[in-house]
There are 2 protein chains.
Amino acid sequence: MSDKQGSDRYSLRGKVYERIREDILSGRYQQDTELKEAAIGAELGVSRTPVREALRQLELEGLVHIIPNRGAYVNMITAKDVQDIYVIRSMLEGLCARWATEHITDEQLEDLEETLCLSEYHTQKGHYEKLYELDSLFHEQLYRAAGSRILNHVLSDFHDYVKRVRRKTIAFQDRPVKSTREHRAIFEAVKAKDADRAEELAREHIKHTIENIQVYGLDKIL
Amino acid sequence: MSDKQGSDRYSLRGKVYERIREDILSGRYQQDTELKEAAIGAELGVSRTPVREALRQLELEGLVHIIPNRGAYVNMITAKDVQDIYVIRSMLEGLCARWATEHITDEQLEDLEETLCLSEYHTQKGHYEKLYELDSLFHEQLYRAAGSRILNHVLSDFHDYVKRVRRKTIAFQDRPVKSTREHRAIFEAVKAKDADRAEELAREHIKHTIENIQVYGLDKIL
DNA sequence: TCGATAAACATTGTATACAATAATACAACC
DNA sequence: GGTTGTATTATTGTATACAATGTTTATCGA
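Because the structure is a prediction, the values reported are computed rather than measured.

Chemist: Now, about the overall build of chain A: what can you tell me, with residues and values included?
Modeler: For chain A, the count of helices and strands is 10 helices and three strands. Beginning at the N terminus, the succession of helices and strands in chain A can be written as α-β-α-α-β-β-α-α-α-α-α-α-α. Each principal axis of the C-alpha atoms in chain A carries an extent, and together these give about 55 × 35 × 30 Å. The proportion of buried residues among the 222 residues of chain A is 41%. Long-range contacts, defined as pairs at least 24 residues apart, comprise 71% of the intrachain contacts of chain A with a sequence gap of at least 6.

Right, here's the structure in full:
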């Protein structure tokens, strides 16, 4: 999720923030690249002020580290980070599925099913870019359904962190078919109010994603 | 953990950040209190610039929400948030204990044991303020021992979030004695390289903490 | 040539000035 | 009286100026 709690994509600060973030997450910068406020400002045609604010936010997110009076440096996401994130996510997605089962409304269930149907359609057609979006949407809908501000916050962050990895690996081998099938299974468990099963399935779903990524080869992305 | 990745407590920005953060977490502000840059700056004797930066960081952390061109508003932590955090933490602390078991060095093991000994001493003596610090330290050492930047980051954040709750409830009833005993048990499992047991114990430890908090009465804190 | 020192430079930290936007108060109108 | 439009005010968004700090380079002496 990129809309973050209020990142304000339309202010200069928001634009700069999104831009640098994207540049780091997409691997344009190398580890420890120095991010000079003036240079970035000049490049984007803004003053140092919005750049500074963007860098401070990125620091809190862990994407850059700032040494006082020296500068801001890029924190690349390492292969280990990605693996850790997926292990953590598998637990939290499980919890999320459980809570969603307990709290989901009929309307949210319908939205989820609609997303699922679309996913199944585009899986058949092999529309991978569309599938990527729908995959994100499915998970976001589940996050919301869980009804926990905190869980939503942390899962959204992680989800966003590994965006690049997901984008690259989602279409690898027979993952799309399996992934969509797993989504369907999770959905059915949630609908049937079987929280234990929903949790188990969601955990497995993420674990399978990790395996797929490992087969693909993480080093090809990072 | 308050030293954050580089929050820079010694710059004005860092001081303002810590101050506002503390004021929110300690409940000095009410939900949706408007935080005006000029007012805060005047109160702390600094210009708007560091205040702005602090507010932007707090937004990302979820402690304030900013409406563009309007202002920054306090996001209180609700009782449900606290409960959610503890449920999430119980899982992640479990994972942390597992990873710590797998990665901990002999030196880290010794540090941990030292903390533990001190805890046991101060538990006997009933030094609750000291115990609070040692409790934090024990967990932080375990976070570090797990050897995962990501897990450390998210757990430290959560740990910090519920600081106030912990401070208030740590001395409630016979919790100090039990808590220290549980720490000892976790330590022994880690030392014995029994990852399954360490994970299970760590999870239970947090669950017991939740129960203690619930008996104490969350509404008394928030 | 090497090392130390200091001066020049680059970069961040903070304050202030100005622009843009939103909130408020008040008047004109129905 | 209520409503709408406008002027005023307050507040944030951005740019710029200045201060403090860190880094590099040039110079001097041994």
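The structure having been displayed, the exposition proceeds.
Chemist: Let's hear about the protein's contact with DNA strand C: which residues, and what values?
Modeler: Close to DNA strand C lie 17 residues; B:Leu12, B:Val46, B:Ser47, B:Thr49 and B:Asn69 are nearest. Secondary-structure elements contributing two or more residues to the surface near DNA strand C are α2 (37-44) of chain A together with α1 (12-25) and α3 (48-61) of chain B. A per-element tally of the surface near DNA strand C places α3(B) first, with three residues. Residues belonging to the surface near DNA strand C are distributed by class as follows: five nonpolar, six polar and six charged.

Chemist: Describe the protein's contact with DNA strand D, listing the residues and the values that go with them.
Modeler: Near DNA strand D you find 19 residues, and of these A:Leu12, A:Val46, A:Ser47, A:Thr49 and A:Asn69 are the closest. The greatest single-element share of the surface near DNA strand D, amounting to three residues, is contributed by helix α3 (residues 48-61) of chain A.

Chemist: Which residues make up unusual backbone geometry, and what values do they have?
Modeler: In this structure, A:Asp32 takes a positive phi of about 70° despite not being glycine. The residue A:Asp32 is located in the loop between α1 (12-25) and β1 (34-35) in this model.

Chemist: Got a sec to walk through the pairing of strand β2 (residues 64-67) of chain B? Specific residues and values, please.
Modeler: Residue and element names in this part refer to chain B. Residues Val64 and Ile66 point to one face of β2 and are all buried, whereas His65 and Ile67, pointing to the other face, are not buried. Of the pairings in the sheet, the one linking β2 to strand β3 (residues 71-74) comprises four bridges and is antiparallel in character. Opposite valine 64, over in β3, you have valine 74 as the bridge partner. Counted between consecutive antiparallel strands, the loop separating β2 from β3 contains three residues, among which asparagine 69 sits at a positive phi close to 65°.

Chemist: Before we move on, could you go through the sheet that holds β2(B) and cite the residues and values that matter?
Modeler: Residue and element names in this part refer to chain B. The strand order across the open sheet formed by three strands is β1-β3-β2, and the pairing between neighbours is antiparallel. At either margin of the open sheet sits one strand with a lone partner, and together these are β1 (34-35) and β2. Note that β1 and β3 share two bridges and pair antiparallel. Residue pairing in the sheet places leucine 35 in a bridge with alanine 72 of β3.

Chemist: Now, about the interface of chain B and chain A: what can you tell me, with residues and values included?
Modeler: Counting residues at the interface gives 29 residues for chain B, matched by 30 residues for chain A. Mapped onto the side of chain B that touches chain A, the elements with two or more residues apiece are α3, β2, α4 (79-103) and α7 (149-161) of chain B. A per-class count over the side of chain B that touches chain A returns 12 nonpolar, eight polar and nine charged.

Chemist: Run through the packing of α1(B) against α3(B), naming residues and quoting values.
Modeler: Residue and element names in this part refer to chain B. Following both chains from N to C, one finds α1 and α3 inclined at 50°, their axes separated by 8 Å at the closest point. Considered as vectors, α1 and α3 are oriented oblique to each other. Here α1 and α3 pass one another in a crossing that is right-handed. From α1, Leu12, Arg13, Val16, Tyr17, Ile20 and Arg21 reach across to α3, where they touch Pro50, Val51, Glu53, Ala54, Gln57 and Leu58. Across the contact of α1 with α3, the residue classes tally to eight nonpolar, one polar and three charged.

Chemist: Could you give an account of the relation of the copies chain B and chain A, with specific residues and numbers?
Modeler: Superposing chain B onto chain A takes a rotation of 180° combined with a translation of 0.0 Å along the rotation axis, leaving an RMSD of 0.1 Å. Taken together, the rotation angle and the small translation identify this as a two-fold axis. When the interface residues of chain B are mapped onto chain A, 100% of them again lie at the interface, so the same face is used by both copies.

Chemist: An account of the domain arrangement of chain A is requested, with residue identities and associated values reported.
Modeler: According to the domain assignment, chain A contains domain 1 (12-74) and domain 2 (79-220). Of note, the centres of domain 1 of chain A and domain 2 of chain A, computed from C-alpha atoms alone, are 30 Å apart.

Chemist: An account of the confidence of the model for chain A is needed here, citing residue identities and associated values.
Modeler: Scored by pLDDT, chain A comes out at a mean of 91, with 95% of its residues at no less than 70. Under a pLDDT of 50 for its full length, residues 1-6 of chain A has, in the predicted model, 12 contacts with residues more than four places off or in other chains.

Chemist: Account for helix α6 (residues 128-146) of chain B, naming residues and giving values.
Modeler: Residues and elements named next belong to chain B. Look at α6: 27 Å from first C-alpha to last across 19 residues, which is about the 27 Å you get at 1.5 Å a residue. Here α6 has its buried residues at Leu131, Leu134, Asp135, Phe138, His139, Gln141, Leu142, Tyr143, Ala145 and Ala146. Those residues of α6 hidden inside the fold are in contact with α4, α5 (106-125), α7 and α9 (175-191). Directly beyond the C-terminal end of α6, a positive phi value near 70° is found at glycine 147.

Criteria and cut-off values
- Residues numbered from 1 in each chain as written.
- Chains lettered and ligands numbered in written order.
- Predicted model: local features only at pLDDT ≥ 70, side-chain atom pairs only at ≥ 80, totals over all residues.
- Helix = DSSP H or I, 4+ residues; strand = E, 2+ residues; numbered from the N terminus.
- Buried ≥ 20, exposed ≤ 12 C-beta atoms within 10 Å, placed from the backbone.
- Contact = placed C-beta atoms within 7 Å.
- Near = placed C-beta within 6 Å.
- Nonpolar A, V, L, I, M, F, W, Y, C, P; charged D, E, K, R; others polar.
- Pairing = 2+ DSSP bridges.
- Axes fitted to C-alpha atoms, helices over the stretch in contact; angles between N-to-C directions.
- Parallel < 35°, antiparallel > 145°, perpendicular 65-115°, else oblique.
- Left-handed = near helix turned anticlockwise from the far one by under 90°.
- Least-squares fit on C-alpha atoms with pLDDT ≥ 70 in both.
- Domains from an automatic or database assignment.
- pLDDT = per-residue confidence, 0-100.
- Expected span 1.5 Å × (residues − 1).

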